[in-house]
Amino acid sequence: MEDYRKKKAWVLENEGSFARAVALGVIVKRPPSPWHFLLPGMFLFDFLRRSSETQRYSDLFLFPRKLALDGALNILNGEDRKEILSRIEGDIKRWLVSLNLYSEKLHHKQMDVIDLLIDHYSRMLRAQGNDYPGLIKDAYRTRESYEAYLRRLGTAEQEMDPAIVEVRGKTEEIVDRLRAEQAQVTELRTKEVNRIFSRTGS
């Protein structure tokens, strides 16, 4: 059990760092207005705004992942997967409602992501390693196997975007934001794969 907790902490730390990197990448790529550089205190204001947006994105990114990680841990400890998924389904519905984002379609697509994450986290918790990259290498063995999982996850995540647009309305700002987030996610995951599975290594 202690071993599971240690691995869970590594996974959460990595997911949190990933979320912050995605948020910062999206925010930094927005060009500031010309007057931004002229007003006193704008740097501090911008820093605080970015910090707030980064934390907000991290919280939204991590909520379903924490549910999936807890679910994976409970399954490994002997609980029934269907019962766990049923509880998570209720938690996700209440969460989406609280964000004014609920629709049956988005709820279903988010649960598709949860299902993939539970399988992934279960593999990570069962794996052996001295750190997060070590868990990835032991869980997936090869670059190709890990990339195949990331492609499935990326596809499931991208299928949520049209459902979000349907709820929020198809504005240029929302479409651009979703597109920017997906591009940042893809870029960061590619870097992670290259770092863990070097082309000259396994």
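Model, not experiment: these values are computed from the prediction. (Residues numbered from 1 in each chain as written. Predicted model: local features only at pLDDT ≥ 70, side-chain atom pairs only at ≥ 80, totals over all residues. Heavy atoms only, no water.)

1. Some remarks on the overall build of the protein chain
From N to C terminus, the protein chain includes eight helices and zero strands. When its helices and strands are written in sequence order, the protein chain yields α-α-α-α-α-α-α-α. The burial tally for the protein chain puts 42% of its 202 residues in the buried class. Carbon and sulfur atoms form 54% of the exposed surface of the protein chain, whose accessible area is close to 11,700 Å². (Helix = DSSP H or I, 4+ residues; strand = E, 2+ residues; numbered from the N terminus. Buried < 20%, exposed > 50% of the residue type's maximum accessible area, 1.4 Å probe, protein only. Areas by Shrake-Rupley, 256 points an atom, 1.4 Å probe, with all protein chains shown as cover.)

2. Quick word on the side chain of Ser103
Mapped onto the secondary structure, Ser103 falls in the loop between helix H3 (81-98) and helix H4 (104-126). Within the local environment of Ser103, its side chain forms a polar contact with the backbone nitrogen of Leu106, the two atoms lying 3.0 Å apart. (Polar contact = N/O pair within 3.5 Å; in protein donor to acceptor, adjacent residues only side chain to side chain.)

3. Observations regarding unusual backbone geometry
Despite not being glycine, Asn100 has its phi angle at roughly 60°, a positive value. Tracing the sequence through the fold places Asn100 in the loop between H3 and H4. Among the residues examined, Asn100 registers a relative accessible area of 63% and is labelled exposed. Positive phi is not limited to glycine here, since Arg141 has a value of about 70°. Among the secondary structure elements, Arg141 is positioned in the loop between helix H5 (132-140) and helix H6 (143-158).

4. Describing H6
One turn of the α-helix equals 3.6 residues, which is why residues spaced by three or four share an orientation. Given a rise of 1.5 Å per residue, 16 residues ought to cover 22 Å, and the 22 Å separating the end C-alpha atoms of H6 matches this to within 8%. For H6, the complete set of buried residues consists of Arg143, Tyr146, Tyr149, Leu150, Leu153, Gly154, Ala156 and Glu157. Down the axis of H6, the sector holding all buried residues measures 160°, keeping them to one side. Opposite the packed face of H6, turned more than 90 degrees from it, sit the exposed residues Glu144 and Arg151. (Expected span 1.5 Å × (residues − 1). Arc of directions from axis to C-beta.)

5. Points about the environment of His120
With respect to the helices and strands, His120 occurs in helix H4. Setting aside residues no more than four positions away along its own chain, His120 makes contact with Tyr132, Ile136, Tyr140, Tyr146 and Tyr149. (Contact = heavy atoms within 4.5 Å.)

6. Some points on the confidence of the model for the protein chain
Per-residue pLDDT for the protein chain has a mean of 88; in total, 86% of the residues score no lower than 70. Counting contacts from residues 31-45, a segment whose pLDDT is below 50, to residues more than four positions away or on other chains yields four contacts. (pLDDT = per-residue confidence, 0-100.)

7. Description of the packing of aromatic side chains
Under the counting rule described, the total for this entry stands at seven aromatic pairs. Here Phe63 and Trp95 contribute two aromatic rings whose centre-to-centre distance is 4.9 Å and whose plane-to-plane angle is 25°, an arrangement assigned as stacked. Placement of Phe63 in helix H2 (residues 42-76) and of Trp95 in helix H3 is noted, with a sequence separation of 32 residues between them. The class of Trp95 is buried, set by a relative accessible area of 14%. Where Tyr140 meets Tyr146, the ring centres are 5.1 Å apart and the plane angle is 50°; that geometry is what we call tilted. Of the two residues, Tyr140 and Tyr146, both sit in the buried class. Each residue in the set Tyr140, Tyr146, Tyr149 and Phe197 is aromatic and connected to the rest through ring pairs, giving one cluster. The side chain of Arg65 reaches across the aromatic face of Phe61, ending 3.7 Å from its centre. The cationic tip of Arg123 hangs over the ring face of Tyr140; the distance from NZ or CZ to the ring centre is 4.1 Å. (Phe/Tyr/Trp six-rings, centres within 6.5 Å; stacked < 30°, edge-to-face > 60°. Lys NZ or Arg CZ within 6 Å of the ring centre and 35° of its normal.)

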